[in-house]
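Descriptive structure summary
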Amino acid sequence: MSGAVGESVAQTEDLYRLPSWMGENPAVRRSSDINPLFKVPSWLVEHPAIRGKGISVLCTMKEVVFGTQRKRDVPPWVIKIIPPGSPEIEIYEHLLKNDLSSPNHTLPVEIVRDEPPLLIMPGCDQTGDICCFGGTLLREAIDDFYQIVEGIEYLHMHHIAHMDLALDNTTIATRATVKHHKHLEVNKIYIIDFGFSRRFELGPRAQAPVDLGHLNLSVSYGVPRLDPYSWDVLCMGKTLLSFLDVRMTNNSNGKHPWICTRYAQWLVGKERGCLGVCRCRPTARRALQVLAVIRWFVHGWDACASAFGYVVYLCGFRRH
(Lines give C-alpha, C1' and ligand atoms only; values in the text may rest on other atoms or scores of the structure.)
Protein backbone atom coordinates (compact mmCIF):
# COMPACT_ATOMS: atom_id res chain seq x y z
CA MET A 1 0.00 0.00 0.00
CA SER A 2 1.47 3.36 -1.02
CA GLY A 3 2.01 6.09 1.54
CA ALA A 4 -0.68 8.33 0.03
CA VAL A 5 -3.28 5.56 -0.05
CA GLY A 6 -2.38 4.41 3.46
CA GLU A 7 -2.72 7.96 4.77
CA SER A 8 -6.12 8.29 3.07
CA VAL A 9 -7.35 5.05 4.64
CA ALA A 10 -6.10 6.13 8.05
CA GLN A 11 -7.90 9.46 7.71
CA THR A 12 -11.12 7.69 6.74
CA GLU A 13 -10.87 5.32 9.71
CA ASP A 14 -10.19 8.25 12.03
CA LEU A 15 -13.13 10.18 10.58
CA TYR A 16 -15.59 7.49 11.67
CA ARG A 17 -13.73 6.12 14.72
CA LEU A 18 -16.06 5.63 17.67
CA PRO A 19 -15.54 7.99 20.61
CA SER A 20 -13.90 6.41 23.66
CA TRP A 21 -17.09 6.57 25.73
CA MET A 22 -18.84 4.39 23.15
CA GLY A 23 -15.98 1.91 22.88
CA GLU A 24 -16.72 0.69 26.40
CA ASN A 25 -20.12 -0.59 25.28
CA PRO A 26 -19.86 -4.29 24.25
CA ALA A 27 -22.77 -3.86 21.84
CA VAL A 28 -20.93 -1.05 20.10
CA ARG A 29 -17.66 -2.98 19.98
CA ARG A 30 -19.47 -5.80 18.18
CA SER A 31 -20.86 -3.38 15.57
CA SER A 32 -17.74 -3.28 13.39
CA ASP A 33 -19.77 -4.67 10.49
CA ILE A 34 -22.10 -1.63 10.55
CA ASN A 35 -21.72 0.84 7.68
CA PRO A 36 -19.17 3.39 8.95
CA LEU A 37 -21.43 6.22 7.76
CA PHE A 38 -23.73 5.34 10.67
CA LYS A 39 -21.06 5.83 13.33
CA VAL A 40 -20.54 9.14 15.09
CA PRO A 41 -17.44 10.78 13.52
CA SER A 42 -14.77 11.51 16.10
CA TRP A 43 -14.04 14.93 14.55
CA LEU A 44 -17.67 15.89 15.13
CA VAL A 45 -17.48 15.01 18.81
CA GLU A 46 -14.37 17.18 19.16
CA HIS A 47 -15.59 20.04 16.92
CA PRO A 48 -15.10 23.44 18.65
CA ALA A 49 -18.65 24.58 17.82
CA ILE A 50 -20.05 21.42 19.42
CA ARG A 51 -17.82 21.46 22.48
CA GLY A 52 -18.41 25.19 22.92
CA LYS A 53 -22.10 24.55 23.52
CA GLY A 54 -21.39 21.65 25.86
CA ILE A 55 -23.09 19.26 23.45
CA SER A 56 -22.42 15.53 23.72
CA VAL A 57 -23.23 13.83 20.43
CA LEU A 58 -24.36 10.37 21.49
CA CYS A 59 -26.34 8.80 18.69
CA THR A 60 -26.88 8.71 14.95
CA MET A 61 -30.39 9.69 13.90
CA LYS A 62 -29.86 9.50 10.14
CA GLU A 63 -26.83 9.08 7.90
CA VAL A 64 -25.57 12.63 8.46
CA VAL A 65 -27.80 13.67 11.37
CA PHE A 66 -26.73 13.24 15.00
CA GLY A 67 -28.50 13.99 18.26
CA THR A 68 -28.00 14.22 21.97
CA GLN A 69 -29.44 11.79 24.48
CA ARG A 70 -32.87 12.85 25.69
CA LYS A 71 -32.72 13.68 29.40
CA ARG A 72 -34.95 15.97 31.44
CA ASP A 73 -32.19 18.39 32.46
CA VAL A 74 -30.10 18.20 29.28
CA PRO A 75 -30.91 20.56 26.34
CA PRO A 76 -31.81 18.48 23.27
CA TRP A 77 -29.70 19.25 20.19
CA VAL A 78 -29.49 17.95 16.64
CA ILE A 79 -26.40 18.35 14.45
CA LYS A 80 -26.55 17.87 10.70
CA ILE A 81 -23.56 17.56 8.37
CA ILE A 82 -24.33 19.33 5.09
CA PRO A 83 -23.07 17.42 2.03
CA PRO A 84 -21.39 19.23 -0.90
CA GLY A 85 -23.76 20.87 -3.35
CA SER A 86 -26.69 21.00 -0.93
CA PRO A 87 -28.82 24.17 -1.11
CA GLU A 88 -29.71 23.89 2.58
CA ILE A 89 -27.31 26.57 3.86
CA GLU A 90 -28.50 29.10 1.28
CA ILE A 91 -32.16 28.36 1.99
CA TYR A 92 -31.73 28.70 5.76
CA GLU A 93 -29.77 31.94 5.40
CA HIS A 94 -32.57 33.43 3.32
CA LEU A 95 -35.34 32.34 5.69
CA LEU A 96 -33.59 33.12 8.98
CA LYS A 97 -32.96 36.75 8.08
CA ASN A 98 -36.72 37.32 8.22
CA ASP A 99 -39.01 37.54 11.25
CA LEU A 100 -39.17 34.03 12.72
CA SER A 101 -42.68 34.38 14.11
CA SER A 102 -45.59 32.82 12.20
CA PRO A 103 -46.20 32.54 9.28
CA ASN A 104 -42.48 31.72 9.14
CA HIS A 105 -42.16 28.11 10.31
CA THR A 106 -38.38 27.83 9.87
CA LEU A 107 -36.58 26.17 12.77
CA PRO A 108 -33.93 28.56 14.16
CA VAL A 109 -30.56 26.96 13.45
CA GLU A 110 -26.94 27.95 13.88
CA ILE A 111 -24.93 27.67 10.67
CA VAL A 112 -21.30 26.63 11.13
CA ARG A 113 -19.38 27.44 7.96
CA ASP A 114 -16.64 24.86 8.14
CA GLU A 115 -15.56 22.00 5.93
CA PRO A 116 -17.98 20.30 5.92
CA PRO A 117 -20.63 22.85 7.01
CA LEU A 118 -22.81 22.04 10.01
CA LEU A 119 -26.28 22.94 11.17
CA ILE A 120 -26.79 23.01 14.94
CA MET A 121 -30.47 23.09 15.82
CA PRO A 122 -32.78 22.54 18.80
CA GLY A 123 -33.89 18.94 19.18
CA CYS A 124 -37.65 19.04 18.73
CA ASP A 125 -40.09 16.12 18.60
CA GLN A 126 -41.44 14.58 15.42
CA THR A 127 -44.89 15.99 14.74
CA GLY A 128 -46.42 12.54 14.26
CA ASP A 129 -45.12 11.32 17.62
CA ILE A 130 -47.11 13.82 19.65
CA CYS A 131 -50.65 13.00 20.76
CA CYS A 132 -53.36 15.59 21.27
CA PHE A 133 -52.56 18.38 23.71
CA GLY A 134 -56.16 19.09 24.66
CA GLY A 135 -59.39 20.31 23.12
CA THR A 136 -61.31 18.31 20.56
CA LEU A 137 -59.46 16.07 18.13
CA LEU A 138 -60.96 17.91 15.15
CA ARG A 139 -59.86 21.33 16.38
CA GLU A 140 -56.42 19.97 17.22
CA ALA A 141 -56.02 18.45 13.76
CA ILE A 142 -57.23 21.61 12.00
CA ASP A 143 -54.83 23.80 14.00
CA ASP A 144 -51.89 21.56 13.13
CA PHE A 145 -52.99 21.41 9.49
CA TYR A 146 -53.07 25.18 9.45
CA GLN A 147 -49.48 25.48 10.67
CA ILE A 148 -48.13 23.15 7.98
CA VAL A 149 -50.06 24.86 5.18
CA GLU A 150 -49.09 28.29 6.51
CA GLY A 151 -45.43 27.27 6.54
CA ILE A 152 -45.48 26.02 2.95
CA GLU A 153 -47.36 29.12 1.75
CA TYR A 154 -44.65 31.24 3.39
CA LEU A 155 -41.96 29.35 1.49
CA HIS A 156 -43.83 29.80 -1.78
CA MET A 157 -44.24 33.50 -1.08
CA HIS A 158 -40.44 33.66 -1.04
CA HIS A 159 -40.27 31.58 -4.26
CA ILE A 160 -38.91 28.54 -2.39
CA ALA A 161 -40.22 25.05 -3.09
CA HIS A 162 -39.46 22.51 -0.37
CA MET A 163 -39.61 19.60 -2.84
CA ASP A 164 -39.45 16.89 -0.15
CA LEU A 165 -42.24 17.64 2.31
CA ALA A 166 -43.21 14.69 4.50
CA LEU A 167 -44.36 14.13 8.06
CA ASP A 168 -40.79 13.26 9.06
CA ASN A 169 -39.67 16.67 7.82
CA THR A 170 -41.83 18.53 10.33
CA THR A 171 -41.09 18.91 14.03
CA ILE A 172 -42.98 20.39 16.95
CA ALA A 173 -41.65 22.30 19.96
CA THR A 174 -43.08 20.87 23.16
CA ARG A 175 -42.96 22.57 26.57
CA ALA A 176 -40.03 20.32 27.53
CA THR A 177 -38.06 21.56 24.51
CA VAL A 178 -38.96 25.23 24.99
CA LYS A 179 -37.76 24.95 28.59
CA HIS A 180 -34.21 24.66 27.19
CA HIS A 181 -34.67 26.62 23.93
CA LYS A 182 -36.70 29.64 24.93
CA HIS A 183 -36.59 31.22 21.47
CA LEU A 184 -38.98 28.51 20.24
CA GLU A 185 -42.78 28.68 20.51
CA VAL A 186 -44.68 26.01 22.43
CA ASN A 187 -46.67 23.67 20.14
CA LYS A 188 -45.38 25.40 17.01
CA ILE A 189 -44.70 23.13 14.04
CA TYR A 190 -41.43 23.76 12.19
CA ILE A 191 -40.58 22.66 8.66
CA ILE A 192 -37.09 21.20 8.32
CA ASP A 193 -34.73 19.46 5.86
CA PHE A 194 -34.21 21.69 2.83
CA GLY A 195 -31.74 19.34 1.15
CA PHE A 196 -33.86 19.09 -2.03
CA SER A 197 -35.32 22.60 -1.86
CA ARG A 198 -34.90 25.14 -4.63
CA ARG A 199 -35.36 28.88 -5.07
CA PHE A 200 -36.91 30.16 -8.27
CA GLU A 201 -37.25 33.52 -9.96
CA LEU A 202 -40.95 32.94 -10.56
CA GLY A 203 -43.65 32.15 -8.05
CA PRO A 204 -46.74 29.89 -8.06
CA ARG A 205 -48.87 29.83 -11.21
CA ALA A 206 -45.88 31.14 -13.19
CA GLN A 207 -43.00 28.68 -12.69
CA ALA A 208 -42.44 26.07 -15.41
CA PRO A 209 -42.12 22.35 -14.54
CA VAL A 210 -38.79 21.06 -13.23
CA ASP A 211 -37.18 17.61 -13.05
CA LEU A 212 -38.44 15.42 -10.20
CA GLY A 213 -36.29 12.37 -10.99
CA HIS A 214 -34.58 12.41 -7.58
CA LEU A 215 -37.86 12.13 -5.68
CA ASN A 216 -39.32 8.68 -5.02
CA LEU A 217 -42.93 9.85 -4.95
CA SER A 218 -42.68 11.04 -8.58
CA VAL A 219 -42.43 7.40 -9.70
CA SER A 220 -45.85 6.65 -8.20
CA TYR A 221 -47.46 9.38 -10.28
CA GLY A 222 -45.50 8.80 -13.49
CA VAL A 223 -44.56 12.47 -13.79
CA PRO A 224 -40.78 13.03 -14.04
CA ARG A 225 -41.37 16.79 -14.44
CA LEU A 226 -43.88 18.92 -12.57
CA ASP A 227 -44.60 22.41 -11.40
CA PRO A 228 -42.51 22.53 -8.16
CA TYR A 229 -45.09 24.53 -6.23
CA SER A 230 -47.86 22.17 -7.26
CA TRP A 231 -45.63 19.26 -6.23
CA ASP A 232 -45.29 20.82 -2.77
CA VAL A 233 -49.08 21.04 -2.46
CA LEU A 234 -49.44 17.39 -3.53
CA CYS A 235 -46.86 16.35 -0.92
CA MET A 236 -48.61 18.56 1.61
CA GLY A 237 -51.85 16.65 1.05
CA LYS A 238 -50.05 13.32 1.43
CA THR A 239 -48.36 14.63 4.59
CA LEU A 240 -51.69 15.63 6.09
CA LEU A 241 -53.15 12.19 5.34
CA SER A 242 -50.14 10.58 7.05
CA PHE A 243 -50.62 12.96 9.94
CA LEU A 244 -54.23 11.82 10.28
CA ASP A 245 -53.21 8.15 10.24
CA VAL A 246 -50.70 8.71 13.05
CA ARG A 247 -53.06 10.86 15.12
CA MET A 248 -55.91 8.39 14.76
CA THR A 249 -53.63 5.55 15.85
CA ASN A 250 -53.00 7.48 19.05
CA ASN A 251 -56.69 8.16 19.56
CA SER A 252 -59.10 5.62 20.96
CA ASN A 253 -61.84 6.68 18.54
CA GLY A 254 -59.77 5.73 15.51
CA LYS A 255 -61.95 7.68 13.04
CA HIS A 256 -60.68 10.34 10.66
CA PRO A 257 -62.59 13.63 10.79
CA TRP A 258 -64.18 13.63 7.34
CA ILE A 259 -63.55 17.31 6.72
CA CYS A 260 -59.81 16.83 7.33
CA THR A 261 -59.65 13.84 4.99
CA ARG A 262 -61.59 15.64 2.28
CA TYR A 263 -59.38 18.71 2.56
CA ALA A 264 -56.18 16.64 2.29
CA GLN A 265 -57.55 14.77 -0.74
CA TRP A 266 -58.37 18.12 -2.36
CA LEU A 267 -54.72 19.10 -2.00
CA VAL A 268 -53.50 15.84 -3.52
CA GLY A 269 -55.81 16.36 -6.47
CA LYS A 270 -55.88 14.23 -9.60
CA GLU A 271 -52.59 14.45 -11.48
CA ARG A 272 -53.04 14.99 -15.24
CA GLY A 273 -49.36 15.35 -16.13
CA CYS A 274 -49.50 19.06 -16.94
CA LEU A 275 -46.67 20.12 -19.27
CA GLY A 276 -46.90 23.74 -18.17
CA VAL A 277 -48.08 25.47 -15.02
CA CYS A 278 -50.01 22.82 -13.11
CA ARG A 279 -53.67 23.43 -12.21
CA CYS A 280 -54.47 19.93 -10.93
CA ARG A 281 -54.60 21.25 -7.36
CA PRO A 282 -54.86 24.60 -5.56
CA THR A 283 -51.96 26.88 -4.73
CA ALA A 284 -50.71 26.91 -1.16
CA ARG A 285 -52.22 30.39 -0.73
CA ARG A 286 -55.65 29.20 -1.84
CA ALA A 287 -55.31 26.15 0.40
CA LEU A 288 -54.52 28.40 3.35
CA GLN A 289 -57.51 30.66 2.65
CA VAL A 290 -59.92 27.72 2.50
CA LEU A 291 -58.44 26.20 5.65
CA ALA A 292 -58.78 29.52 7.48
CA VAL A 293 -62.54 29.42 6.83
CA ILE A 294 -62.76 25.78 7.97
CA ARG A 295 -60.73 26.61 11.06
CA TRP A 296 -62.98 29.55 11.94
CA PHE A 297 -66.06 27.34 11.60
CA VAL A 298 -64.57 24.50 13.68
CA HIS A 299 -63.45 26.82 16.47
CA GLY A 300 -66.85 28.52 16.48
CA TRP A 301 -68.67 25.21 16.60
CA ASP A 302 -66.42 23.96 19.39
CA ALA A 303 -67.01 27.15 21.40
CA CYS A 304 -70.79 26.85 20.98
CA ALA A 305 -70.73 23.18 21.99
CA SER A 306 -68.68 24.00 25.09
CA ALA A 307 -71.03 26.83 26.04
CA PHE A 308 -74.10 24.62 25.54
CA GLY A 309 -72.54 21.86 27.63
CA TYR A 310 -71.77 24.33 30.41
CA VAL A 311 -75.37 25.62 30.40
CA VAL A 312 -76.70 22.05 30.62
CA TYR A 313 -74.31 21.38 33.49
CA LEU A 314 -75.51 24.47 35.39
CA CYS A 315 -79.15 23.54 34.88
CA GLY A 316 -78.55 20.04 36.15
CA PHE A 317 -76.58 21.35 39.14
CA ARG A 318 -79.37 23.72 40.17
CA ARG A 319 -81.97 20.93 40.03
CA HIS A 320 -80.03 19.08 42.71
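**Let's talk about the overall build of the protein chain**
Summing up its helical and strand segments, the protein chain has twelve helices and twelve strands in all. Considering only residue pairs separated by 6 or more positions, the protein chain has 65% of its internal contacts joining residues 24 or more positions apart. About 17200 Å² of surface is accessible on the protein chain, with carbon and sulfur atoms providing 55% of the total.

**Focus: the sheet that holds strand S6 (residues 125-126)**
One open sheet holds the three strands; their spatial order is S6-S8-S9, and the pairing between them is antiparallel. Every other strand in the sheet has two partners, leaving S6 and strand S9 (189-191) as the edge strands with one partner each. Examined bridge by bridge, strand S8 (residues 170-172) and S9 share three bridges and lie antiparallel to one another. By the bridge assignment, Thr170 is partnered in S9 with Ile191.

**Quick word on the pairing of strand S5 (residues 118-122)**
The buried count for S5 comes to five of five residues, which makes it a mostly enclosed element. Direction of pairing for strand S3 (residues 77-81) relative to S5: antiparallel, over a ladder of five bridges. For Trp77, the partnering residue across the bridge sits in S5 and is Pro122. Pairing between strand S4 (residues 110-112) and S5: three bridges, direction antiparallel. The residue bridging Val112 from the neighbouring strand is Leu118, located in S5. Taking the residues between adjacent antiparallel strands as the criterion, S4 and S5 are bridged by five residues.

**Focus: the packing of aromatic side chains**
Applying the stated criterion across every chain, the model contains six aromatic pairs. Plain terms: the ring middles of Phe145 and Phe243 are 5.7 Å apart, the flat faces sit at 65° to each other, and that makes the pair edge-to-face. Separated by 98 residues along the polypeptide, Phe145 in helix H7 (residues 137-157) and Phe243 in helix H10 (residues 228-249) bring together distant segments of the chain. Residue classification places Phe145 among the buried positions, given a relative accessible area of 0%. With centroids separated by 6.4 Å and ring planes inclined at 25°, the aromatic side chains of Phe297 and Trp301 adopt a geometry described as stacked. With a gap of four residues between them, Phe297 and Trp301 both fall in helix H12 (residues 284-319), about one helical turn apart. We classify Trp301 as exposed; its relative accessible area is 60%. Taken together through their ring pairs, the aromatic side chains of Phe145, Phe243, Tyr263 and Trp266 make up a single cluster. Sitting over the face of the ring of Tyr146, Arg295 holds its NZ or CZ atom 4.5 Å from the ring centroid.

**Let's talk about the pattern of salt bridges**
This structure, assessed with the given rule, holds ten salt bridges. One salt bridge in this structure joins Arg113 and Glu93, with 2.7 Å as the shortest N-O distance. Of this pair, Arg113 sits in the loop between S4 and S5 while Glu93 sits in helix H6 (residues 88-96); the two residues are 20 residues apart in sequence, bridging distant segments of the chain. Overall, Arg113 belongs to the exposed group, its relative accessible area being 61%. One salt bridge connects Glu153 with Arg285, and the closest N-O pair in it is separated by 3.0 Å.

**Description of the confidence of the model for the protein chain**
With 79% of its residues at a pLDDT of 70 or more, the protein chain has an overall mean of 81. Segment residues 1-35: pLDDT under 50, and 28 contacts once partners within four positions in sequence are set aside and those in other chains are kept.

**Quick notes on the packing of H7 against helix H11 (residues 258-268)**
At a minimum axis distance of 10 Å, the contact between H7 and H11 shows a crossing angle of 20°. Classed by the angle they form, the pair H7 and H11 counts as roughly parallel. For the pair H7 and H11, contact is made by Leu138, Ala141, Ile142, Phe145 and Val149 and by Ile259, Cys260 and Tyr263, respectively. Among the residues making up the contact of H7 with H11, the classes are represented as eight nonpolar, no polar and no charged.

**With respect to the nonpolar core**
If you look at the biggest cluster of nonpolar residues, it comprises 61 residues, and the most contacted ones within it are Phe145, Val149, Met236, Leu240, Tyr263 and Leu291. Of all the elements in the fold, those that place two or more residues in this core are H6, S5, H7, strand S7 (160-161), S9, H10, H11 and H12. Counting residues in each nonpolar core, the second largest holds 14 residues, with Ile50, Ile55, Phe66 and Ile79 among its members.

**Here we look at H11**
Every buried residue of H11 is listed here: Ile259, Cys260, Thr261, Tyr263, Ala264, Leu267 and Val268. One or two steps after H11, the chain reaches Gly269, where phi turns positive at roughly 65°.

**Remarks on unusual backbone geometry**
The omega torsion of the bond from Ser102 to Pro103 falls at 20°, within 30 degrees of zero and hence cis. With respect to the element layout, Pro103 can be found in the loop between H6 and S4. The omega torsion of the bond from Glu115 to Pro116 falls at 5°, within 30 degrees of zero and hence cis. Residue placement: Pro116 occurs in the loop between S4 and S5. If you check the backbone angles, His159 has positive phi at about 60° while not being a glycine.

Reading the values: the criteria
Residues numbered from 1 in each chain as written. Predicted model: local features only at pLDDT ≥ 70, side-chain atom pairs only at ≥ 80, totals over all residues. Heavy atoms only, no water. Helix = DSSP H or I, 4+ residues; strand = E, 2+ residues; numbered from the N terminus. Contact = heavy atoms within 4.5 Å. Areas by Shrake-Rupley, 256 points an atom, 1.4 Å probe, with all protein chains shown as cover. Pairing = 2+ DSSP bridges. Buried < 20%, exposed > 50% of the residue type's maximum accessible area, 1.4 Å probe, protein only. Phe/Tyr/Trp six-rings, centres within 6.5 Å; stacked < 30°, edge-to-face > 60°. Lys NZ or Arg CZ within 6 Å of the ring centre and 35° of its normal. Salt bridge = Lys/Arg side-chain N within 4 Å of Asp/Glu carboxyl O. pLDDT = per-residue confidence, 0-100. Axes fitted to C-alpha atoms, helices over the stretch in contact; angles between N-to-C directions. Parallel < 35°, antiparallel > 145°, perpendicular 65-115°, else oblique. Nonpolar A, V, L, I, M, F, W, Y, C, P; charged D, E, K, R; others polar. Core = buried A, V, L, I, M, F, W, Y, C linked by side-chain atoms within 4.5 Å.

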